[in-house]
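Read off the chains here:
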Amino acid sequence: MKRRGLRVLLVGGGGREHALAWKLAQSPRVAKLYAAPGNAGMAGLATCLAIGATDLDGLVRAAREIEADLTVVGPDDPLAQGLVDRLQADGLAAFGPTAAAARIESSKAFAKALMRRAGIPTGRHEVFDEPERAARHISAYFAENPSEPVVLKADGLALGKGVVITPSESEALAAAREMLSGRAFGEAGRRIVVEEYLQGPEVSALAFTDGRHVLPMVGSRDHKRAFDGDQGPNTGGMGTITPVPGYGPELAEEVHRRVLEPAVAALAESGATFVGVLYAGLILTRSGPKVLEFNARFGDPEAQVLARRLDSDLVDVLEACVGGGLSPDAATWGQAAAACVVMASGGYPGPYQKGVPITGVAEAESLEGVVVFHAGTARDDSGRLVTAGGRVLGVSATGADLGAALDQAYAAAERIDFAGAHYRRDIGRTRL
Ligand code: GLY
C-alpha cells in the first residue's frame, strides 16, 4: 500500500504557531496541515479548525478524526492541562511534554526544587504559602539588601502576569499578601517564590529533547518591556533576535552542560521524562549564567526568529524527539541572523481595541528576506484583515548579519499600518 504523507495538527493561534506552521508547511513529508484554532495568517498554510487551544476534548477528537500522525502543541496552558497525556492515552503521537514534565513551567516552586536538586545555577529563593512567614522573609531580605529589588513569583501560570519586581519593602509585603490571599492571581498565587533580583542581559536558550538527548538551538533574545530602552510594563515579548551578541559557543556549551542537560536528566530521574522544547530563560550575571525560569515550549516571539534560521525539516526534528534517538546533528541552522519586530495594538499590554483594519502586509513581504507572522489578526465580514489581539504581527527578516536583519525588519514594519500600532524601535539595539 502506498504510504500517504503526514497529517499534522498544530495547536495554538499566535505568532509562534504561525512561524511553526510556516516551517512545517515547507516539509515535503507533510501532506496536510491543520491548526486549532490558527489565525488569519495561518489560513493560507493550514486548514484552521474552530477549536480553542484549551478545549482538550475537542482537540483529541479532532486529532482522531483527521488521523493526525503528529500533534504539535504550541502554548503552555494545554501542556499544563495534560493535552499530551490525553493524546498519548488515545495512542496518538504528540510533540510536547506531559503535564507532569510541563510542571517545570507551570509550577515555579517545582522548577526551583528541581534546580536545587540538580545543582542548576539560579537566583537565591524561598517558597511560601503562609503570609506571616513570607512577610518575615521579605523584611529580612530588605534589611540585608536595602538597595536591591525583590522578585515575587506566583507559583502557577497566571497568563504571563504572575511576577512582581519591586525595590520597595512595603510594596513587596502588600504584593505577597495579595498573591497569597488568592486576590491577585487566583489559585496560581496561593504559593509564591520570593527571589533575589538577578542583574544582567537576558538570553533565551531553547533546546529540543527526546527526554534523554538534548539538542540546543541557536541562542535568541526577547525584549519583554513595552517601550524603548526597556521601559514600561512587561509584555509577552516585543521582538527577538538571533544570534545574541556576547552569547558565543563557549557560553552556549556551558549552558548546555550546566543547565539544559541536568534539567532534562533530573526530570527523567523524577519519572517525568520531558519530550519537547525546553526553554531556559537566562540572566548572564557577573558570576555566570543563571536560570530565571524554565518554559516547557517554544518561546514567542523567539520561535519567529528560530524558525527563520532552522535549515532542517522541522518534522524530522520533532519526530526524532517523539520517537527517541535525537541525534546531535538532527538540526542544522542556516541564515546568519534573524530579527523579529512585534507590532502591537494601541494600549497593549493594557486594554486595546479590536477590529482595526491592517494594511501593507503584502508590501512588507515583498522585501527580500521578510516574512510577516500573524498573532492577533482576523478577517472581518468583508474579508479585510483586522486586529484581533494585543500582539498583532511579528515582522521577521533574515540577513547577512544582525544589523542587516534588523534594518530589513524595520523597513518592512514601516510599510504596515493600523490605527494605534506601536512597536519598539530598539530591538537588538538596546544598551545592556
Ligand atoms: N518570549 C517569552 C515567552 O515565550 O515566554
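In this report, we go over the structure that sits alongside the text. (Residues numbered from 1 in each chain as written. Predicted model: local features only at pLDDT ≥ 70, side-chain atom pairs only at ≥ 80, totals over all residues. Heavy atoms only, no water.)

**Some words on the environment of L402**
With respect to the helices and strands, the residue L402 is situated in helix 13 (residues 402-413). Judged by relative accessible area, which is 14%, L402 ranks as buried. Residues L402 and G428, spaced 26 residues apart in sequence, show a C-alpha to C-alpha distance of 7.9 Å. Among residues more than four places away in sequence, those in contact with L402 are I241, T242, P243, P245, A337 and A338. (Helix = DSSP H or I, 4+ residues; strand = E, 2+ residues; numbered from the N terminus. Buried < 20%, exposed > 50% of the residue type's maximum accessible area, 1.4 Å probe, protein only. Contact = heavy atoms within 4.5 Å.)

**Describing the site of the ligand**
Surrounding the ligand, one finds D222, K224, G236, Y279, N295, R297, G299, D300 and E302. The backbone of D300 places a nitrogen or oxygen atom 2.9 Å from an oxygen atom of the ligand. Burial of the ligand by the surrounding chains reaches 88%, relative to a free accessible area of 200 Å². (Near = heavy atom within 4 Å. Polar contact = N/O pair within 3.5 Å; in protein donor to acceptor, adjacent residues only side chain to side chain. Areas by Shrake-Rupley, 256 points an atom, 1.4 Å probe, with all protein chains shown as cover.)

**A closer look at the pattern of salt bridges**
Per the stated rule, a full pass over the model turns up 20 salt bridges. In this structure, the salt-bridge partner of R16 is E17, at a minimum N-O distance of 2.8 Å. You can call R16 buried: its relative accessible area is 9%. We note a salt bridge from K224 to E202, for which the minimum N-O separation is 3.1 Å. (Salt bridge = Lys/Arg side-chain N within 4 Å of Asp/Glu carboxyl O.)

**Quick word on helix 13**
For helix 13, which comprises 12 residues, the first-to-last C-alpha distance of 16 Å matches the rise-based estimate of 16 Å (1.5 Å per residue) to within 8%. Along helix 13, the positions that sit buried rather than exposed are L402, A405, L406, A409, Y410, A412 and A413. What you see down the axis of helix 13 is that its buried residues fit within an arc of 160 degrees, all on one side. Tucked into the core, helix 13 has its buried residues touching strand 15 (239-242), strand 18 (337-344), helix 12 (361-365), strand 19 (370-374) and strand 22 (391-399). (Expected span 1.5 Å × (residues − 1). Arc of directions from axis to C-beta.)

**Section: the nonpolar core**
Residues L9, L83, I104, Y247, L278 and F294 are the most contacted members of the largest nonpolar core, which totals 51 residues. By residue number, the principal contributor to this core is helix 9 (residues 249-269), which donates seven residues. If sequence neighbours within four positions are ignored, I104 has contacts with F110, A111, L114, A263, L267, F274, L278, F294 and A296. Within the second largest apolar cluster, 34 residues are counted, among which are L215, V277, F298 and V317. (Core = buried A, V, L, I, M, F, W, Y, C linked by side-chain atoms within 4.5 Å.)

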